[in-house]
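# Commentary on secondary and tertiary structure
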Amino acid sequence: MIDRCGRNIDYLRISVTDRCNLRCIYCMPEGGLQLVECGRILREEEFVRIARVMAGLGIRKIKLTGGEPLVRGGIPSMVKLLKEIPGIEKVTLTTNGILLGEQMEELARAGLDGLNISLDTLDEDCYYKITRRRNLQGTLEGIREALKYPEITLKVNCVPLGIPEQDLCGVAALAEKDLLHVRFIEMMPIGLGQEFHGMKEEEVIRLLSEQFGPLTPYEGERLGNGPCHYYTVEGFRGKIGFISAISHKFCSECNRIRLTSQGYLKTCLQYTAGRDLRSVLRCGGTDEELRAVILEAISEKPDGHVFLEKAKKDHTEQLCMSQIGG
Ligand code: SAM
Ligand code: SF4
């Protein structure tokens, strides 16, 4: 699918649930959010049907996200069904890792291609301060389990908040010890993220190079589907990456669309632009009708975000990241 800006839309992020077992301060309020009624969340076969129609239109890679995707039962089964769709080349998962220990083997058997594990710190108290839960060991166990499957690409994602206890060098050092990539994701002013400044890429690079020596831009084979750019560090087994949506805007290359757990197709993180696919499915719409609605949404995909300017309030997304899927 080529949109009106000439971007090839081939990547779909599916948020399979709005539930989560953590309460990260920049993502979910302490008391949680008003949960979507179960009946309004798409069933496995509905997600798979949409994915099949989208594969026919050119989607090649799918990422499962949430909320926390692994709190929804049956994710290995969904991975397997998505992998069987003609045209779908890669199915990956973004998780906080807590439930990975017990599900990793099944996920690998289902054919999962890649895993992103979110981990902002290796310090127990700081982990609690950020996630409001004492579950660091669960996430670390998830990483250890994932490392047993070298055929599944492993990336650790960290949002630098600018609090020293977070010890970004400690997180980066995971890529020194193990064959995984560590990526720093710039805080985005979405939902609760608006209350935080986070750290810019240049500040993180300065901090890391003081400890590990220079970070050299990586120009080898492309790693993954997205806008991350990577650096090599001498002595490291994995790479260090940066996804800097604000300071290094990449909207002109944006290849992605998002499907919320309720079946709303979102074409830009910042805006509500998109279409409700659930109503098409549940009103007996045919695949042809579904295809037409998806193409309509793509044709209106915004050119890009204007986080640094004042966006028009009425079209700006009010959902939190856990409701969108990141
Ligand atoms: N629960 C899973 C996890 O944490 O990986 C999947 C959903 S979570 C919303 C996906 C990613 O979005 C996480 O890596 C999280 O750190 C990131 N995220 C959440 N809010 C953010 C924000 N305001 N700015 C940048 N990244 C954010
Ligand atoms: Fe949950 Fe992921 Fe949001 Fe943390 S970032 S609250 S783990 S959805």
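Residues numbered from 1 in each chain as written. Chains lettered and ligands numbered in written order. Predicted model: local features only at pLDDT ≥ 70, side-chain atom pairs only at ≥ 80, totals over all residues. Heavy atoms only, no water.

## Looking at the packing of aromatic side chains
Rules: Centres within 6.5 Å make a pair out of two Phe, Tyr or Trp rings, where for Trp the six-membered ring is used; the pair is then stacked when the planes are under 30 degrees apart, edge-to-face when over 60, and tilted otherwise. Comment: elements are numbered from the N terminus, with helices defined as DSSP H or I runs of at least four residues and strands as E runs of at least two. Burial classification: accessible surface area is computed with a 1.4 Å probe over protein chains only, and a residue below 20% of its type maximum counts as buried, one above 50% as exposed, and the rest as partly exposed. Sitting over a ring, as applied to charges here, requires NZ of Lys or CZ of Arg to be within 6 Å of the ring centre and within 35 degrees of the ring normal.
Here the structure, examined in full by the defined rule, presents 3 aromatic pairs. Aromatic pair F212 and F236: ring centres 5.0 Å apart, planes at 75 degrees, arrangement edge-to-face. Of the two residues, F212 is situated in helix α8 (residues 201–212) and F236 in the loop between β8 (229–233) and β9 (240–243); the sequence distance between them amounts to 24 residues. By relative accessible area, which is 18% here, F212 ends up buried. Arranged with centres 5.6 Å apart and planes meeting at 85 degrees, the rings of Y231 and F242 form a pair that is edge-to-face. Of the two residues, Y231 sits in strand β8 while F242 sits in strand β9, which places them 11 residues apart along the sequence. Of the two residues, Y231 and F242, neither departs from the other in class, the shared state being buried. One aromatic cluster in this structure is built from F184, Y231 and F242. Just above the ring of Y128 sits the side chain of R134; from NZ or CZ to the centre is 4.3 Å. The ring of Y218 has K239 sitting right over it, with the charged end atom 4.7 Å from the ring centre.

## Some words on the side chain of N21
Cut-off, in case you're wondering: We call two N or O atoms a polar contact when they sit within 3.5 Å, provided that within protein one can donate a hydrogen and the other can accept it, with sequence-adjacent residues counted only if both atoms are side-chain atoms. Only heavy atoms enter the contact rule, under which two residues are in contact if any of them lie within 4.5 Å.
Take N21: it is sitting in the loop between β1 (11–15) and α1 (44–57). Within the local environment of N21, its side chain forms a polar contact with the side chain of N96, the two groups lying 2.8 Å apart. If near-sequence neighbours (up to four positions away) are discounted, N21 is found in contact with E68, V71, N96, I98, L99 and R133.

## Topic: the site of ligand 1
Which entries qualify depends on this criterion: What makes a residue near a molecule or strand is one non-hydrogen atom of that residue sitting within 4 Å of it.
In the vicinity of ligand 1 lie 17 residues, with Y26, G67, T94, S118 and M188 positioned nearest. For ligand 1, an oxygen atom lies 3.1 Å from a polar atom in the side chain of Y26. For ligand 1, a nitrogen atom lies 3.0 Å from a polar atom in the backbone of G67.

## Looking at helix α4 (residues 124–131)
Worth spelling out the cut-off: The arc under discussion is defined with respect to the helix axis, by the directions toward the C-beta atoms.
Of all the positions in α4, only C126, Y127, I130 and T131 are classed as buried. Burial along α4 is one-sided: seen end-on, the buried residues are contained in an arc of 115 degrees. Elements that come into contact with the buried residues of α4 comprise α5 (136–146). The backbone nitrogen of D125 lies 3.1 Å from a side-chain oxygen of the residue at the head of α4, namely D123.

## Some thoughts on the site of ligand 2
Rules: Under this grouping Gly is polar, as are all residues other than the nonpolar Ala, Val, Leu, Ile, Met, Phe, Trp, Tyr, Cys and Pro and the charged Asp, Glu, Lys and Arg.
The environment of ligand 2 is made up of C20, L22, C24, C27, G67, N96 and S322. Residues of the shell around ligand 2, tallied by class, amount to 4 nonpolar, 3 polar and no charged.

## Some details on empty space enclosed by the protein
Let me state the cut-off plainly: As defined here, a cavity is a set of points on a 1 Å grid over the protein atoms alone where a 1.4 Å probe fits but cannot get out. A pocket is an open set with protein on both sides within 12 Å along at least five of seven lines, and residues line them when an atom is within 4 Å of a point. Grid points are joined across faces, edges and corners, and a volume is the space filled by probe spheres set on the points.
By the definition in use, this model includes 1 cavity of 30 Å³ or more. Surrounding the largest cavity, P160, F184, I185, E186, M199, K200, E201, V204, F242, I243 and S244 form its lining. Elements supplying a minimum of two residues to the lining of the largest cavity: β6 (181–185), α8 and β9. A breakdown of the residues in the lining of the largest cavity according to their chemical character gives 7 nonpolar, 1 polar and 3 charged.

## Regarding the pairing of strand β4 (residues 114–118)
Taken residue by residue, a regular strand's side chains alternate between the two faces of the sheet. Quick reminder of the rule: The handedness of a crossover follows from its direction of travel: if, with the strands pointing away from the viewer, the path from the first strand over the helix to the second runs clockwise, the crossover is right-handed.
β4 sits mainly inside the fold: 4 of its 5 residues count as buried. As for the winding sense of the linkage, the β-α-β connection from strand β3 (residues 90–95) through helix α3 (residues 100–110) to β4 is right-handed.

## As for the sheet that holds strand β7 (residues 215–217)
Short version of the rule: DSSP bridges decide pairing: two strands pair if at least two such bridges lie between them. Lines are fitted to the C-alpha atoms to define the axes, a helix being fitted only along its stretch in contact, and any angle between axes, read from their N-to-C directions, falls within 0 to 180 degrees.
Here we have 12 strands laid out as an open sheet, ordered β7-β8-β9-β6-β5-β4-β3-β2-β1-β10-β11-β12, and mixed in their pairing. Looking at strand neighbours, the two that pair on one side only are β7 and β12 (274–276), the edges of this open sheet. Pairwise comparison of adjacent strand axes, ignoring direction, gives a mean angle of 25 degrees for this sheet. The pairing of strand β11 (residues 264–266) with β12 spans 3 bridges and is antiparallel. Within the sheet, the bridge partner assigned to Y264 lies in β12 and is D276.

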